[in-house]
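Here is what each chain is made of, one letter per residue.
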Amino acid sequence: MFAVHLVASYLTKLKEDPIKKVDRFLYHMRLSDETLLDIMARFQAEMEKGLRKDTNPTASVKMLPTYVRAIPDGTEHGEFLALDLGGSKFRVSKIQVSEEGKQKVHMESQFYPMTSEITRGNGPQLFEYVADCLADFMETKDLKQKELPLGFTFSFPYWQTKLDEGALLSWTKKFKARGVQDTDVVSHLRRALQKHSDLHVDILALVNDTVGTMMTCAYDDPYCEIGVIIGTGSNACYMEDMSNIDLVEGDEGRMCINTEWGAFGDDGALEDIRTEFDRELDLGSLNPGKQLFEKMISGLYLGELVRLILLKMTRAGLLFGGKTSCALHTKDKIETRHVAAMEKYKEGLANTKEILTDLGLEPSEADCIAVQQVCTIVSFRSANLCAAALAAILMRLRENKKLERLRTTVGMDGTLYKTHPQYPKRLHKVVRKLVPNCDVRFLLSESGSTKGAAMVTAVASRVQAQRKKIDEVLALFQLTRDNLVGVKDRMRTELEYGLKKETHPMATVKMLPTYVCGMPDGTEHGKFLALDLGGTNFRVLLVKFRRGRSSVRMYNKIFAIPLEIMQGTGEELFDHIVQCIADFLDYMGLKGAPLPLGFTFSFPCRQTRIDKGILVEWTKGFKATDCEGEDVVDLLREAIKRRNEFDLDIVALVNDTVGTMMTCAHEDPRCEIGLIAGTGSNVCYMEEMSNIEMVEENEGKMCINTEWGGFGDNGCMDDIRTQYDKEVDEGSLNPGKQRYEKMTSGMYLGEIVRQILIDLTKQGLLFRGHISERLRTRGIFETKFLSQIESDRLALLQVRAILQQLGLDSTCDDSIVVKEVCGAVSRRAAQLCGAGLAAIVQKRREDQGLEHLKITVGVDGTLYKLHPHFSRILQETVKELAPGCDVTFMLSEDGSGKGAALITAVAQRFQQLQKEN
């Protein structure tokens, strides 16, 4: 029994010895997990270098922009041609994408041989051959009468400047055609096609084969955003955020980056990993010193690496009894297909013996086991190195998206990956070990480079068509200088109409006298109560002035106005207001104090005195009954009487716009205009009394509340109103009224955007054509979202997060379009406000007979204050349309509260002067 065990142990040792022998010999080809993590970090650093403009010239990993900005969304359709140049055969294909609404692809291909005379001749001959093959294919398939878009897969490193333009950086894979390097390969192909005048081909896209692989897989799986080829050559591409790509202009969206990772290590970054065999192989190659990473991993070189190792081991007496053969000395005699055959699970040993015998060698069983182990180490190293680089890309994608865990798909192609029996399993295992926080699916590409070229072309065609439709919608919101001058002139006409007694009833801009006839002079002092009603929140304030412009103290409390009260009866609304006042006076311990009161009432009122105002109409969602046509000061006084707890002296009824002007005038005496650009939109200004026919006095000035929100209600702006403005108007509480406000104010801009998004979605241009229930909800797209989405600091990822809050599952491309829509709507709003304001500024200059006017505009409102671009665009528009005016814009600090108190103080001062006189 002991003897049997001894023999078994001896036989096992015999089998292990060849493997150990190879392991010792190829010790440096074994890569630990620590080494792989280190290589991963090095590759990440190289990616960063390649993406930056200042370091790209010296980066070995070139990170080439491909101008492929979108992946397939399943709506692509049509007939396309594809050329695939990059290997031992050249392929021409016709691809039918999506027949009869079904997402499927039908492909017909023809292969043409690529002889060394063609691949190593001159450039014109190479591209003439390509054009001849295409002409032959189109003749065979009866396609000559058709006009077809074409995608050109060109599997070599090139620098792209457009989707259909790219200059060859260097030939690889045994191609050496003269006169092509550093020139545009698409131009070469177009010149060659000119000799075939009967062909009607439009080259839309130049495509790297790796990009083609990604696009093919992305058609089947929208999570696919990486493409990897491990075949004759090796490369990877992935979707990078535009904001990280220094090499191209723009920072919106994403673009596919062709890493050209085959050159990783050309700058010496992998010298500690490379072995003597790698160096020997490199020296004997067509491009010594270049594509060093590719030479360690790709199918073109693995067989040769194995041959060099076997030759050295034989010379050292470790194989074949030290006897070599002529074939073993012959370059490329062992191919990667041989390596794959030798590593097969069951028949690998038999395959190894047959292959070695064909090489003129006489292998023993131990030799065969040793050679198998050499193949395993070489191919396993390849899988490890690929896994480390791919893991670096996955890590970058996860960090770009700021995700704790990434779910993504990698499109795979290449003969080594497809035909080697162990390669995919090894690669997948190592990738998952290196990036455990990434859930990766590996998807095998079918005809990736060819079908992918068609997919890039199909996506380009789709994006082109979609872009045209989107641009047509956005163009509706683009105002020319003539448009803006027209708005300014019409506003000026309406201002004049509103001031004249005869035309006032027909005027859309009501030009309401406020009976505010003086400005703060710094002598205001005392305690004043101020009320502020203009939205869903109601404020009560106590304002204390000491003499001097800077000494103001304020105390306030905010109370909600429920919707049922906003749209209930007038009595309920004013009783609620008085209840809030009572709560505030209790809170401040002032219930019995006699206080002068200023009432900021931010709705159109026709005033006959400073303390008397008839409500013209409710706006901003208010609909309380029995108020329109009534004096709101009387309504407040009656509610105070009903309460019968306190008595207040209501000195002034104040529009919030006037309050804004007065607040700023307290600090800057040149402030004679007040602008509010917030939930609503309005302007007031100091007008010469002699121009105001609605009041009897002719001396001095009076503040006019323009109520410009009604501008255009007579149809004078119909030429620039869009279908979306009309839809917003028709769905509002006051159809046909406040049309200018509905194009310029915060209450409506989000709703305009929502209407546009619905229309674009119905056309299949957004959200994959799916209108969510949230998007159908009126008012869901608040103007604050416009401000957030248009922020320059906001990445598209954050835009998508905002859209997700709204129940909108958006792609990166969707987010770009939404941002463009928001920008178009808010820009138009700012320009329209600017044009209207320019009319008022110019009027003030002309009324005073000045060639040059210096004036300050006091501004308030969330749209002006919070939107990232609104204020700038408004100011630029005023400057352009009122060139004789030097306008300073001053932000108001609490105009509606402090302003109401100031108007009350100024009114008291005037009352005192009248008594004294």
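Residues numbered from 1 in each chain as written. Predicted model: local features only at pLDDT ≥ 70, side-chain atom pairs only at ≥ 80, totals over all residues. Heavy atoms only, no water.

Undergrad: I would appreciate a short explanation of the packing of aromatic side chains in the present structure.
TA: Applying the stated criterion across every chain, the model contains 25 aromatic pairs. Clustering of aromatic rings is evident, with ring pairs tying together F152, F154, F156, Y158, W171 and F175. Its guanidinium or amino end placed over the ring of F111, K89 lies 5.8 Å from that ring's centre, counting from NZ or CZ. Positioned above the aromatic ring of Y587 is the side chain of K557, whose terminal nitrogen or guanidinium carbon lies 4.5 Å from the ring centre. (Phe/Tyr/Trp six-rings, centres within 6.5 Å; stacked < 30°, edge-to-face > 60°. Lys NZ or Arg CZ within 6 Å of the ring centre and 35° of its normal.)

Undergrad: Can you walk me through the pattern of salt bridges in this structure?
TA: A pair can form between side chains of opposite charge whenever their charged atoms are brought close. Per the stated rule, a full pass over the model turns up 66 salt bridges. The shortest N-O distance in the salt bridge between E687 and K843 comes to 2.8 Å. Highlighted residues: E687 in strand β23 (residues 681-688) and K843 in helix α26 (residues 812-847), separated in sequence by 156 residues. Given a relative accessible area of 0%, E687 falls into the buried group. A relative accessible area of 1% places K843 in the buried class. A single network of salt bridges, built from pairs that share partners, joins R609, D611, K612, D631, D634 and R637. (Salt bridge = Lys/Arg side-chain N within 4 Å of Asp/Glu carboxyl O. Helix = DSSP H or I, 4+ residues; strand = E, 2+ residues; numbered from the N terminus. Buried < 20%, exposed > 50% of the residue type's maximum accessible area, 1.4 Å probe, protein only.)

Undergrad: Can you walk me through the nonpolar core in this structure?
TA: For soluble globular proteins, nonpolar side chains are generally found buried alongside one another. W261 and L394 are the most contacted members of the largest nonpolar core, which has 87 residues in total. Per element, the largest residue contribution to this core is 20 residues, and it comes from helix α12 (residues 365-400). For L394, the residues in contact, after removing those within four places along its chain, are I226, L406, T408, V410, V431, V435, C438 and V440. If you look at the next biggest cluster of nonpolar residues, it comprises 84 residues, including V683, I780, A835 and A838. (Core = buried A, V, L, I, M, F, W, Y, C linked by side-chain atoms within 4.5 Å. Contact = heavy atoms within 4.5 Å.)

Undergrad: Got a minute to help me understand the packing of α12 against helix α14 (residues 423-434) in this structure?
TA: The geometry of a pair of packed helices is captured by two quantities: the angle between their axes and the separation between those axes. Remark: α12 packs on α14, axes separated minimally by 8 Å, with the N-to-C direction vectors making an angle of 40°. In terms of orientation, α12 and α14 fall into the oblique class. The two elements α12 and α14 meet at a crossing, and its hand is right-handed. In this structure, α12 contributes T376, S379, F380, S382, A383, N384, C386, A387, A388, L390, A391 and L394 to the contact, and α14 contributes Y423, R426, L427, V430, V431 and L434. Partitioning the contact of α12 with α14 into residue classes produces 13 nonpolar, 4 polar and 1 charged. (Axes fitted to C-alpha atoms, helices over the stretch in contact; angles between N-to-C directions. Parallel < 35°, antiparallel > 145°, perpendicular 65-115°, else oblique. Left-handed = near helix turned anticlockwise from the far one by under 90°. Nonpolar A, V, L, I, M, F, W, Y, C, P; charged D, E, K, R; others polar.)

Undergrad: What am I meant to see in a negative patch on the surface here?
TA: Where like charges cluster on the molecular surface, the negative patch consists of E564, E571, E572, D626, E630 and E638. A relative accessible area of 59% places E564 in the exposed class. (Patch = residues over 30% accessible without salt bridge, like charges linked within 9 Å, V, L, I, M, F, W, Y side chains within 5 Å. Areas by Shrake-Rupley, 256 points an atom, 1.4 Å probe, with all protein chains shown as cover. Lys, Arg positive; Asp, Glu negative; His and termini not counted. Charge placed at Lys NZ, Arg CZ, Asp CG, Glu CD.)

Undergrad: Which parts of the structure should I look at to understand the sheet that holds strand β10 (residues 234-241)?
TA: Hydrogen bonds along the backbone pair up the strands of a sheet, which may run parallel or antiparallel. Strands sit in the order β1-β11-β10-β9-β12-β13 across an open sheet of 6 strands; the sheet is mixed. Only two strands of the sheet have a single neighbouring strand rather than two, namely β1 (64-65) and β13 (438-444). Looking at chain direction, strand β9 (residues 224-230) and strand β12 (residues 406-413) are connected through 5 bridges and run parallel. Note on β12: the bridge partner recorded for G227 is G411. (Pairing = 2+ DSSP bridges.)

Undergrad: Explain the side chain of H867 to me, please; I cannot follow it from the model alone.
TA: Counting through the fold element by element, H867 comes out in the loop between α27 (862-866) and α28 (870-881). Its relative accessible area of 4% is what places H867 among the buried residues. For H867, the side chain forms a polar contact with the side chain of S826, separated by 3.3 Å. A distance of 3.1 Å separates a polar atom in the side chain of H867 from the backbone nitrogen of F870. Once residues lying within four places of it in the same chain are set aside, the contact partners of H867 are L786, S787, E790, S826 and T862. (Polar contact = N/O pair within 3.5 Å; in protein donor to acceptor, adjacent residues only side chain to side chain.)

Function cannot be read off these values alone, since they describe shape.
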